[in-house]
Structure formats: structure tokens, C-alpha cells
Amino acid sequence: MVQAYKFALDPNAGHERALRSHCGAARAAYNWAVSWVTASWWQRKAEATYGLGEEELTPWRPWSLPTLRKEFNRIKTTDPRFAEWWEENSKEAYNTGLANAAAAFDNYAKSKQGRRKGCRVGVPRRKPKRKARLTCRFTTGTIRLEPDGRHVTLPRLGTIRTHEPTHKLLTRIQAGTARILSATVRHERGRWFVSLQVETGREITRVARPDVAVGIDLGVKHLAVCADSSGRTRYEPNPKHLDGVLKLLRFHSRRVSRRQGPDRRTGRKPSRRWEKANRERNRLHHRVANLRTDALHKFTTRVRAEYGTVVVEDLNVAGMLRNKRLARRVADAGFGEIRRQLTYKGRRNACSTIVADRWYPSSKTCSNCGVVKAKLPLHVRVFTCDACGLVLDRDENSARNLVALAAACTTGTGVAGDQDTPRVSKPRGADRKTRRQRPGRNIGRGGRAGGASLPHPRRKETGDRRQDAEAQLALW
């Protein structure tokens, strides 16, 4: 399998300049590729206004990596933007920028043609110097770990000291069970890191309870509520790392605002007092991010080491972040990162991960009798079933319904989105959430003569209903 090992670096002043130079070269090559490809687009658009035919227009410039690399090697010695300094960096730095540009144009083309999942991807744009992420990837040349376990050697950069020992990976390389494929240096959270992509053999570790499934309901009050098929329920507390430093962050933010900061409009450079205050504020953000990453890794590793099957929800995290009342706490919890870690750590142990459908009403469904409530506002934290009288915590009820999907997936009902079984209708009776419009919302806002609007249609509340026999969940 291919695995990444990430180590923090302790570069000296010379290595720091060389690292920034390589990352800047990657950004310059990316900007050149974007400008070179889009120049033909603008030229064709201008020529079309002159009445020229399709065959007379300037031909399209391809954006494949071999084409970009060949053209860049041709102009780098004569172009004044690169002629004086391109020899100072490794060829891998420029190849990084060209490869990123080719991938960006491919994503744009696939998105425009409807062959790419996710949000719509726009036309690649140039990366500004102040906002571009400092990163560079090395695929050829001398990439090795030194025998002392505290240094790494990279092409053109030389031997750089690592902040932490590398014996864990070095032992596997010396034993012949691992081989380094590439190395990526990146500046993030205030320091430099190197990520080594390694091809290694990894033994499958047997989990503690391979026959037990667990349903995980993520939340803000509790980070996760885990209910397994044996009837055990555990609550994972939410550390809320950001809330603990908000008061100190406000203090440092006020200090930064009182200093003379940079101004791109007038070209004003920041003062040293501003840079010092900004570093202190960023150090708090970096510490919160490190604490959050450590806590999530410990939680997901503990879950994956115990259960053979994990059921999670397909949450719309991007939509949750649009809620101004919950955005900060949802971002601090890291819902998307939890699902990602549970997925790839499950593959390592040869365990399954079941993703519940986004519109499955896990919170509204009674885990005892299967009745679906018509409405369950977010502020109602206790689930009360009107049919069987079950009174249970809202998150625990949702976790129980999720773990029931593991049995439904194995029996082939298709409720959990099993690819090998036909899909059934959702318990709510719709494949997606219907839009709800408040009465009187658009009264007097135009649209009809005199500002009048049509009366809002009368709505009836749908009562609690029992699920169909096909979609009935298998309970333990």
C-alpha cells in the first residue's frame, strides 16, 4: 500500500531561503502555464469579433503536462521572467507548478462537461504571492533518510534536520519493506513539513470486536454518540479547543489591529510590532489546530481498533457552515475530517464503512418501533415517540438507528445505499429535502401589480406514520 509519513523540519537560514525559492518557482511556473493557455482563449475571443471563421482563428493551446513542460523548457532561457534565476532551483519545482496547472485545467474541463462530482470548478486563475500556499514536490533525485534518524536529504536542498526522529520509517527502509516514492515540502501552521510518500507492506491488524457494528452520530454538544449492536452506548465529549482560547484570541486580535499593518493599496509595509503581534496570534490558531488534529486521530483510531463495521452519516457540512449560529462550533468539531479518517483507517484493517443516505431521518425515526416523526426541531434534545412512548436522548436515538443500518445493508434492503441491491424509497417519501417557505415572506415585495401577492396555500401537518415493510429497519 502507499502511505505518507509526515515530519516537521528545523531548517537553518540557508535552507529556509532555498525552500521559499523552490516554492516560489513552483508558483511562477503555475502562473506562466495559466497565462500561456488562457492567452489563446482571449485571442480567439477577440478574433471572433472581427468576423473570422472557425478555421481562421488562433488554434487552441493544449494544457497537457508534456506540452506545458516542453514549451516551458523552450522559453525559460530567453523569457526575462525566468532567464536570470531559473537555474537556482531544481527542475522538480517547475514541474510541480506545471503539473498543478494541468490538473486545474482538467478539473475545469470535466466540471464544465458534467463529468466531475462536487461543486462547479471555475477557470484556473493566477496565484498571488501573498496568498499562495508554499509547497513543492520532488519525484526524482536524491530523496533519503539519513542513518542518524534526524536528517532528510532532498534534491538541490541538501540535508535538512528534522524536528522529530524518523526511526519508525527508517527501520522499515533498512529492512527492505518500504520504498520512498516522492517527497513534498510544505509550509503550514508556522513551520516547514516534509511528507514522504512511501510504498510499504502493511499487515492487517485484527480489530477487537470484528462482528460488532457501531453507529456514530456526530454533534456539537457531544462530539460523537457511539451505539453498537451489542446495546452499549458511549458519549464522546467535545473538547471545544477553540472556545478555550477565544478570550485570548480577542486580546491578541485587538493588539494586531492597533499596530501598523500592511496595505496593498498604498504599498505600506507592516511594522515590526505588527509582525510580532501577528505571530503571537497565529501561534494560538496553530495550537488549536494541532490539538484538534490530535484529538480526532485518537478518537478515530480507538473506534477503528474496536469495531469491524462503522456506520456514519453523509452530512452536508458545507450547508451547516452557512448557519451563522452553528458555523464556528461545526468547524471546530471537524465532521468531515472524522468521516475521512474513519474511512481510510477502516481500509487498513480490512473493515467496512457504511455511509447512511443524506436524507435518511435518523433523528426523527423511533429506534424502538420505527415510526417517523413529522417534525423534530433542533432545540428538542429529547426524542419522545407518540406511538410506543419511548423517551430517549435525541443523539442516542439517532446512533441506534444508524447501527441498525448495518443489519439492513447486509440483508439487502438497500436502505444504507448498498450498491448491490436496488434502492428503496426514502422513509420521508421524497428523495431530497423540500423547500419550506414561510407565509407572508414576500408580501409587498413586488412581483405583481400594486405589490400584491398571491395568498399562501393552506398546509396540513402530516402526522406520524409508520415506515413501509420494505424500509423497516432491522433492529438488534
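Only a predicted model underlies this, so the values are computations on that prediction, with no experimental measurement involved.

Student: Break down a positive patch on the surface for me, with residues and values.
Tutor: A surface patch of like charges, here positive, comprises Arg-250, Arg-254, Arg-258 and Arg-328. Examining the composition of the positive patch, we find that 3 residues originate from one element, helix H6 (residues 246-258), more than from any other.

Student: I'd like a description of the sheet that holds strand S11 (residues 307-313), backed by residues and values.
Tutor: One key point about sheets: their strands pair by backbone hydrogen bonds, in either a parallel or an antiparallel sense. In space, the 5 strands of this open sheet follow the order S10-S9-S8-S11-S12, with mixed pairing throughout. At either margin of the open sheet sits one strand with a lone partner, and together these are strand S10 (233-237) and strand S12 (352-356). Averaged over all neighbouring strand pairs, the angle between strand axes comes to 25°, with direction disregarded. Pairing between strand S9 (residues 222-228) and S10: 5 bridges, direction antiparallel. Looking across to S10, one finds that Cys-226 is bridged to Arg-234. Taken strand by strand, helix H7 (residues 272-304) contacts strand S8 (209-218), S9, S10, S11 and S12, and its axis lies near 130° from that of S11.

Student: Provide a residue-level description of the packing of aromatic side chains, including the pertinent values.
Tutor: Across all of its chains, the model carries 11 aromatic pairs by this definition. With a centroid separation of 6.3 Å and an interplanar angle of 75°, the aromatic rings of Trp-41 and Trp-63 are classed as edge-to-face. Placement of Trp-41 in helix H1 (residues 13-48) and of Trp-63 in the loop between H1 and helix H2 (65-75) is noted, with a sequence separation of 22 residues between them. Three or more aromatic residues joined by ring pairs make a cluster, and in this case those are Trp-32, Trp-36, Phe-72, Phe-82, Trp-85 and Tyr-94. Between Lys-373 and the ring centre of Phe-383, over which it is positioned, the NZ or CZ distance is 5.9 Å.

Student: Can you tell me about the sheet that holds strand S5 (residues 158-161), naming the residues and giving the values?
Tutor: Read across the sheet, 3 strands follow the order S3-S4-S5 without closing on themselves; strand pairing throughout is antiparallel. Among the strands making up the open sheet, the edge pair consists of strand S3 (144-145) and S5. Where strand S4 (residues 151-154) lies against S5, 4 bridges are found, and the strand directions are antiparallel. Of the residues in S5, the one forming a bridge with Val-152 is Ile-160.

Student: Could you give an account of the confidence of the model for the protein chain, with specific residues and numbers?
Tutor: This prediction gives the protein chain a mean pLDDT of 85; 86% of its residues lie at or above 70. Here residues 412-476 scores under 50 on pLDDT; set against residues more than four positions off or in separate chains, the count is 85 contacts.

Student: Run through the packing of H1 against H2, naming residues and quoting values.
Tutor: With their axes 11 Å apart at the nearest point, H1 and H2 run at an angle of 105° to one another. Judged on the interaxial angle alone, H2 and H1 are roughly perpendicular. Contact residues: Trp-32, Ala-33, Trp-36 and Val-37 in H1; Thr-67, Leu-68, Glu-71, Phe-72 and Ile-75 in H2. Looking at side-chain class alone, the contact of H1 with H2 contains 7 nonpolar, 1 polar and 1 charged residues.

About the criteria used
- Residues numbered from 1 in each chain as written.
- Predicted model: local features only at pLDDT ≥ 70, side-chain atom pairs only at ≥ 80, totals over all residues.
- Heavy atoms only, no water.
- Patch = residues over 30% accessible without salt bridge, like charges linked within 9 Å, V, L, I, M, F, W, Y side chains within 5 Å.
- Areas by Shrake-Rupley, 256 points an atom, 1.4 Å probe, with all protein chains shown as cover.
- Salt bridge = Lys/Arg side-chain N within 4 Å of Asp/Glu carboxyl O.
- Lys, Arg positive; Asp, Glu negative; His and termini not counted.
- Charge placed at Lys NZ, Arg CZ, Asp CG, Glu CD.
- Helix = DSSP H or I, 4+ residues; strand = E, 2+ residues; numbered from the N terminus.
- Pairing = 2+ DSSP bridges.
- Axes fitted to C-alpha atoms, helices over the stretch in contact; angles between N-to-C directions.
- Contact = heavy atoms within 4.5 Å.
- Phe/Tyr/Trp six-rings, centres within 6.5 Å; stacked < 30°, edge-to-face > 60°.
- Lys NZ or Arg CZ within 6 Å of the ring centre and 35° of its normal.
- pLDDT = per-residue confidence, 0-100.
- Parallel < 35°, antiparallel > 145°, perpendicular 65-115°, else oblique.
- Nonpolar A, V, L, I, M, F, W, Y, C, P; charged D, E, K, R; others polar.

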